[in-house]
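# Working through the structure, step by step
Spelled out, the chains give:
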Amino acid sequence: MKRIACLTILLLSFLMVSTTVLANTDTDEQITADEEVIEENDTIISEDTPLLQFPVISDIHICSKQQPVWNGTYCDGSQSVKFINALNDFKNLAPDYQAIVTNGDITNQGLEVQYQEFMSILNNPGYIAPSVEKVITMGNHEFYEPRYWPKPGLTDELLVRRYIQNTGVPNVYYDRWIKDYHFIVLGNEKSSQNNYALLSETQYKWLEETLPIQADPSKPIFVFLHQPIDGTVYGSDKWGGGLRDGRLTNILKKYPQVILFTGHSHYFLNHPRTVYQDGFTMVNTGAVEYLYYDGGAVRGQSQGILVNVYNDKVEIKARDFTKKAWIGEYDFKVPFEKTVFDNEPPVFDTNAKVTVSGITQTKAIIEWDKATDNSLVERYDIKLNGKIIKSEYLEFWKGPSKSRFSLTLDDLEDNTEYQVEISAVDGWKNRTVKPLTLTFKTDKFSGWVVRSGEWYYYDPTSGDEKEGWFKYNNQWYFLDQDGKMETGWITFNGKRYFLDSTGIMQTGWVKTEGKWYYLNQDGSIKTGWFLSGDYWYYLDQNGKMETGWTTVNGKRYFLDSSGVMKTGWIQTAGKWYYLNQDGSMKMGWFLDKGKWYFLNKNGDMSIGWLNTGGQWYFLNASGAMQTGWLYTGGKWYFLSDSGSMRTGWLKDKNIWYYLQPSGAMQTGWLQLSEGWYYLSDSGSMKTGWIQLGGTRYYLNQSGLWVK
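Every residue gets a number counted from 1 within its own chain, in the order that chain's sequence is written. In view of the model being predicted, local features appear only for residues whose pLDDT reaches at least 70, and side-chain atom pairs are presented and counted only at 80 or more, with totals across whole chains, interfaces and linings using the full set of residues. Note that water and hydrogens are dropped before the side-chain values are worked out from all heavy atoms of the structure.

As a further point, take the confidence of the model for the protein. Confidence scores labelled pLDDT are given residue by residue by the predictor and lie between 0 and 100. Taken residue by residue, the protein gives an average pLDDT of 91. The fraction at 70 or more is 92%. Long-range and interchain partners of residues 1-46, a stretch whose pLDDT sits below 50, account for 140 contacts in this model, where long-range means more than four residues apart. The contact definition used throughout considers only heavy atoms, calling two residues in contact when any of these lie within 4.5 Å.

Here is the structure:
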């Protein structure tokens, strides 16, 4: 039979049944009952007056307006309101308490203005009597300013100093005696990206020296640290303080009367593992600002605890400030005796079962009956073929759970058998010995099926998924190794193929991404030269149709905008070129229709004067080589039948002319080595008597002036 620690449910002036650990196997797995609201002017009714009474609250997160708080939200003043609400609640319930503990994360970023607001509330006699001792612990959020607003000088030392100066505590770790009871405060000395509790060697040694002071096994020692020891109280599995080396645990175990109070996790106090005992007692203190459970954060909730100390026991009462209701109570014997534990797993009723419905090729809906537990069923783990695919966390703080649960299983494989196993896990991590089990098989696909936006094909007879090439309605498709229909370019056996947006293999001309390609009848891409109809095209090594100039095997070709290889004369970019019948670009002299043309090394047709082979030629505007007399640039030139420019004496039609070294025809007097000649305005050489400017000259038959 499971043993539960002395979780007593006081029968006060109201009925109070909590979700904490309670041995009662005849009830639902969580026995939360009608939480009777206590009016603000009610006080605690008890047969005995406690020797010492003090509230413990944590994770208040005081912040200033327009500063980030949580998940994209900003300060709205609610943090201070919740803090005041908690203080007023305790003032009304226990007006004579002697001390109060704020157990870390009292601010959201550790700013001066946040400390000032926190202390103004804490020291307000309207909320806390002036005689009340105040114990303050440093949390990880007191180091948070550099995370939000990094700047030089924001060191851990500065932030620790700011905390001490604003709160008035003597150090990050210190002790105090209150009504003859030892209060020991531990604290973070450095920031941590993991929000761990970083205690120095000095602090550990101080703790070892401080614990034995007036230690009495029959008298509790109250120790406070913001972060919990990992794997202990509820919330410490995910939000532990990184205290896994056992150092702190082993020190505290030497003093079983120690009660360690921790916050940080924000986890609900409606949970049986609010208290955990392992050689000493550990207590989760909840959170004032908002709460958490393994399923995520829950806004609008606020909780804390009240500690009552008697001669032979310590009583912990969990309080919900939002509902103004007690939600749990624990009694610990003094001297220490382990009374809070649970090793009995939850169970499913003999008639409980898991069923399946709505089976398709990829989905199924499972439903199962609830399990029962003497404390609380925290979650259901759903296994599919031996692997946990979902943990269904219960919102236990809301009251008794529903009697049946359901879950839709998505992304299943078709025509596949699945084994479902559902286990219940209680608040103490005990798992059902006999889980609920079920086996089902998904439907098989047939024909074309779209899954997650991708197309697949299943054999209508066997249900097998097709792979590779297959023909459907006289069209070829390709399915990859996972059966997914391919589209666009693919490579298969070293050849490239193109499949359109519907997956159909293309042949012939295809345009994609603004480029043209040609695909053979087998779908493979063509490259190089090929004849289509009466026209030649050139496709590069990737199959892309070339346009414009291209070089193949050292020869240049021109393909128009439609990719057709050109021959004969073409004009592009303002220049003329000539392409042979094989499309290759011609260069140098060539005769076309009785006329000579000259094409430069780049293939463009020359016009005007051309010097080649040591000779000058002239090509007219159409590129044709000139012969005979040429008038250009205001001068006459003579080009031979071969087109070469003449110089020196020239006899044309029995008339002599003289062409200068530049080729320009000479007029007027000409002096050569043998003497003077005179050439008329038309360039003809004069002979016989001529009169120039009133002077007569005689030129012999050779045109030479005879003096």
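All right, on to the pattern of salt bridges then. Note on definitions: salt bridges are taken to be side-chain nitrogens of Lys or Arg within 4 Å of carboxyl oxygens of Asp or Glu. This structure, assessed with the given rule, holds 26 salt bridges. In this structure, Glu 421 engages Lys 383 in a salt bridge whose closest nitrogen and oxygen atoms are separated by 3.9 Å. Of the two residues, Glu 421 sits in strand β22 (residues 417-426) while Lys 383 sits in strand β19 (residues 377-384), which places them 38 residues apart along the sequence. The exposure class of Lys 383 is partly exposed, given its relative accessible area of 26%. Among the ionic pairs, Glu 546 bridges to Lys 544, the shortest N-O distance being 4.0 Å. Only DSSP runs of H or I reaching four residues or more are called helices, and only runs of E reaching two or more are called strands; each is numbered from the N terminus. Throughout this description, buried means an accessible area under 20% of the type-specific maximum (1.4 Å probe, protein chains only), exposed means over 50%, and partly exposed covers the range between.

A 1.4 Å probe that fits but cannot get out identifies a cavity on a 1 Å grid over protein atoms alone, an open set with protein on both sides within 12 Å along at least five of seven lines counts as a pocket, and a residue lines either if it has an atom within 4 Å of a point. Grid points are joined across faces, edges and corners, and a volume is the space filled by probe spheres set on the points. Inspection of the entire model under this criterion finds one cavity of 30 Å³ or more. In this structure, the largest cavity occupies an estimated 80 Å³ of space. Among the secondary structure elements, those contributing two or more residues to the lining of the largest cavity are β7 (258-262) and β14 (325-333). Under the grouping applied here, Gly and all other residues not named as nonpolar or charged are polar, the nonpolar ones being Ala, Val, Leu, Ile, Met, Phe, Trp, Tyr, Cys and Pro and the charged ones Asp, Glu, Lys and Arg. Looking at the lining of the largest cavity, its residues break down into ten nonpolar, two polar and one charged.

Close contact between helix α1 (residues 78-93) and helix α2 (residues 112-122) brings their axes to 11 Å; oriented N to C, the two are set at 20°. As summarised for this structure, α1 and α2 are arranged roughly parallel, according to the angle between their axes. In this structure, α1 crosses over α2, and the sense of that crossing is right-handed. Contacts from Ser 80, Phe 83, Ile 84 and Leu 87 in α1 reach Glu 117, Phe 118, Ile 121 and Leu 122 in α2. Of the residues belonging to the contact of α1 with α2, the class tally is six nonpolar, one polar and one charged. Working convention: axes come from line fits to C-alpha atoms, limited for helices to the stretch in contact. Angles between N-to-C directions cover 0 to 180 degrees. The scheme is simple: roughly parallel for angles under 35 degrees, roughly antiparallel for over 145, roughly perpendicular for 65 to 115, oblique for anything else. Left-handed describes a crossing whose near helix is turned anticlockwise from the far helix by less than a right angle; the clockwise case is right-handed.

Only centres within 6.5 Å qualify two rings of Phe, Tyr or Trp (six-membered ring in Trp) as a pair; their planes then separate them into stacked at under 30 degrees, edge-to-face at over 60, and tilted for everything else. Tallied over the full model, the rule gives 81 aromatic pairs. For the pair Trp 448 and Tyr 472, a centre-to-centre distance of 6.0 Å together with 90° between the ring planes defines the contact as edge-to-face. Taken as a pair, Trp 448 in strand β24 (residues 447-451) and Tyr 472 in strand β26 (residues 468-472) lie far apart in primary sequence, 24 residues in all. Owing to a relative accessible area of 28%, Tyr 472 belongs among the partly exposed residues under this scheme. Ring geometry for Trp 529 versus Tyr 557: centroids 4.9 Å apart, planes at 65°, classification edge-to-face. Here Trp 529, found in strand β32 (residues 528-532), pairs with Tyr 557, found in strand β35 (residues 555-559); they are 28 residues apart in sequence, far enough to count as distant. Grouping aromatic residues by their ring pairs yields a cluster made of Tyr 234, Trp 239, Tyr 267, Phe 268, Tyr 292, Tyr 293, Tyr 393, Phe 396 and Trp 397.

What follows deals with a nonpolar patch on the surface. Taken together, the side chains of Trp 689, Tyr 698 and Val 706 present a nonpolar region at the surface, about 310 Å² in accessible area. With respect to the helices and strands, the residue Trp 689 is situated in strand β48 (residues 688-692). Patch construction takes residues with relative accessible area above 30% that form no salt bridge. Like charges are linked within 9 Å, and nonpolar side chains (Val, Leu, Ile, Met, Phe, Trp, Tyr) are linked within 5 Å. A 1.4 Å probe and the Shrake-Rupley method give the accessible areas. Residues count as covered only by the protein chains that appear here.

Here we come to the sheet that holds strand β6 (residues 221-224). Here the rule is simple: two strands pair whenever DSSP picks up at least two bridges between them. Taking strand neighbours across the sheet as the criterion, the six strands line up as β4-β5-β6-β7-β9-β8 in an open arrangement whose pairing is mixed. Every interior strand has two partners, whereas the edge strands, β4 (174-178) and β8 (275-277), have only one. Going across the sheet, the axis of each strand differs from the next one's by a mean of 20°, ignoring polarity. As paired elements, β4 and strand β5 (residues 181-185) share five bridges and run antiparallel to each other. Across the sheet, the residue bridging to Trp 177 is His 182, located in β5. Taken strand by strand, helix α5 (residues 201-210) contacts β4 and β5, and its axis lies near 175° from that of β5.

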